[in-house]
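One letter stands for each residue in the lines below.
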Amino acid sequence: MHEEDPAFVFTTDPELHQTIVAAQGDLHLDVLAERLRRRFKVHFDLVEPRVRFRETIKMPADATYRHKKQSGGAGQFAEVALRLAPKSRDSGIGFKESLSGQCVDRVFVPSVERGMQNACGEGILAGYRVVDVGVDFYDGKMHPVDSNDISFQVAGYWAFEKHF
């Protein structure tokens, strides 16, 4: 249809999960919608596009979460302590680690960051992406047998989400 009528443009917004159709006006949109329904038997609703809101924090906070799961074999264990701080507008998400000693193996630092990034992408309060937050992974605990990548991802996710 775009080849027949190049005056309209369509895109898919991955964040909002909407297909955005832009045309010259309401009448043009109605004609396109009717053509899709009649010619291609496509059923849909024309609605206003949603707004991409963002979430952030206003005050510094500490977040600690212990993930412990025991099942028949090897279990899962990870404890994560994070410091959350607001950052300036449009500065994005900052992640750093300031671990001291051997409390957590440095191999698990990217796992904590991945879990925290997943929480940021899903949103905390209203389901919108979290922006402009600084995160410092400063402490934690691990178990020589039960600690693994997924345990620290889960702990990073929930530490960020529960104490946001």
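For the structure, see preceding data.
Figured I'd write up the structure that's included with this text.

Thresholds, definitions, all that
Residues numbered from 1 in each chain as written. Predicted model: local features only at pLDDT ≥ 70, side-chain atom pairs only at ≥ 80, totals over all residues. Heavy atoms only, no water. Pairing = 2+ DSSP bridges. Helix = DSSP H or I, 4+ residues; strand = E, 2+ residues; numbered from the N terminus. Axes fitted to C-alpha atoms, helices over the stretch in contact; angles between N-to-C directions. Core = buried A, V, L, I, M, F, W, Y, C linked by side-chain atoms within 4.5 Å. Buried < 20%, exposed > 50% of the residue type's maximum accessible area, 1.4 Å probe, protein only. Contact = heavy atoms within 4.5 Å.

## Some details on the sheet that holds strand β5 (residues 93–97)
Strand order in the open sheet formed by 4 strands is β3-β4-β6-β5, with mixed pairing between adjacent strands. Two strands bound the open sheet, and with one partner strand each, they are β3 (61–69) and β5. Neighbouring strand axes in the sheet, compared pairwise and without regard to direction, differ in orientation by 25° on average. As defined by bridge partners, strand β4 (residues 76–86) adjoins strand β6 (residues 133–141) across 8 bridges and the pair is classed as antiparallel.

## Description of the nonpolar core
In this structure, Val80, Leu82, Val135, Phe137 and Phe160 are the most contacted members of the largest nonpolar core, which totals 25 residues. Those elements that provide at least two residues to this core are β4, α2 (109–122), β6 and α3 (149–162). What Leu82 contacts, discounting residues up to four positions off in sequence, is Ala61, Asp62, Ala63, Val112, Val135, Asp136, Phe137, Tyr138, Gly156, Ala159 and Phe160.

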